Amino acid sequence: MASLFSGRVLIRNNSDQDELDTEAELSRRLENRLLLLFFGAGSCPECQAFAPILRDFFVRLTDEFYVLRAAQLALVYVSQDPTEEQQDLFLRDMPKKWLFLPFEDDLRRDLGRQFSVERLPAVVVLKPSGDVLTLDAADEIRRLGPACFANWQEAAEVLDRSFLQPEDLDDPAPRSLTEPLRRCKYRVDPAARGARGRGRGQEGEAEGEAAGLF
């Protein structure tokens, strides 16, 4: 995923506007995450209306005030603003965890062509591999809100670390009664996936193999 921005700089939308300008920093922020590329502009009325929806969507998945652990989700604002002042004004009330490209970086335009963005706002969802999961999730985010993240996560086979047990405990108690069910649903196990394609006579063996992973 970080390869999409290889040799580029991403900036955090915090007060210091910290720059991520090394491969290590980019990898730490982007690897094993679903990446949202948000194409928008402050001068676009539809973008102005959509921005609070996307902000709430992102915050409810990544702010630990709402969730036990932040979801493996990153967002890069790909500005289509005509001026840097408009870009800065648009980002002023957006989450600090958002990233954006410097205004002078031509990649802002190149990404729009690469992902065939024809209207604003647009939200391209990328798998950790860099493959496209959906070319425009704006309508889905409007309809489903944070609930659509679980669908993307499962489709992209992202391992959700929030369902993993702490490594330093031998027999930790589950955080809730539903945690084991959620872990079974979202944890990626290629062996178990292959076992489902076998005959019914091998179901018990497949279940035993899957159980041994937890």
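About the criteria used
- Residues numbered from 1 in each chain as written.
- Predicted model: local features only at pLDDT ≥ 70, side-chain atom pairs only at ≥ 80, totals over all residues.
- Heavy atoms only, no water.
- Buried < 20%, exposed > 50% of the residue type's maximum accessible area, 1.4 Å probe, protein only.
- Helix = DSSP H or I, 4+ residues; strand = E, 2+ residues; numbered from the N terminus.
- Arc of directions from axis to C-beta.
- Contact = heavy atoms within 4.5 Å.
- Pairing = 2+ DSSP bridges.
- Salt bridge = Lys/Arg side-chain N within 4 Å of Asp/Glu carboxyl O.
- Right-handed = clockwise from strand over helix to strand, strands pointing away.

Looking at this structure, I do not really get helix α4 (residues 107-114). What am I missing?
At 3.6 residues per turn, the α-helix brings residues three or four places apart onto the same side. Within the span of α4, buried status applies to L107, R108, L111 and G112. The buried residues of α4 occupy one face: seen down the axis, they fall within an arc of 145°. If you follow the buried residues of α4, they end up packed against β3 (34-40), β4 (73-79) and α3 (84-91). Backbone geometry just downstream of α4 places S116 in the positive-phi region, at approximately 55°.

Is there a simple way to think about the pairing of strand β6 (residues 122-126) in this case?
In regular strands, side chains alternate between the two faces of the sheet. Taken across its 5 residues, β6 has 5 buried, putting it largely inside the fold. With burial as the criterion, each face of β6 is covered, one bearing A122, V124 and L126 and the other bearing V123 and V125. Bridge count for β6 against strand β7 (residues 132-134) is 2 bridges, and the pairing is antiparallel. Its bridge partner lying in β7, L126 is registered against V132. Counting the residues in the hairpin turn of β6 and β7 gives 5 residues, including G130, whose phi is positive at 100°.

What exactly am I supposed to notice about the pattern of salt bridges here?
Opposite charge on two side chains allows them to pair when their charged atoms are near. Applying the stated criterion to the full structure yields 6 salt bridges. Ionic pairing is found between D139 and R119, a salt bridge with its closest N-O pair at 3.6 Å. Residue D139 is located in helix α5 (residues 138-144), and its partner R119 is located in the loop between α4 and β6; the two are separated by 20 residues in the primary sequence. Overlapping salt bridges, with partners in common, bring together R119, D136, D139 and R142 in one network.

Which parts of the structure should I look at to understand the environment of D88?
The topology assignment puts D88 in helix α3. The spatial distance from the C-alpha of D88 to the C-alpha of N13 is 9.4 Å, given a sequence separation of 75 residues.

Would you mind going over the pairing of β3 with me for this structure?
Within β3, 7 of the 7 residues are buried, leaving the element largely enclosed by the surrounding structure. Neither face of β3 is open: one carries L34, L36, F38 and G40, the other L35, L37 and F39, and all of them are buried. Summarising the sheet, β3 and β4 pair through 7 bridges and their orientation is parallel. Paired with L35 across the two strands is A74, which belongs to β4. Crossover connection from β3 via helix α2 (residues 45-62) to parallel β4: handedness right-handed. Relative to β6, β3 runs antiparallel, the two sharing 5 bridges. Residue pairing across strands places F38 opposite V123, the latter belonging to β6.

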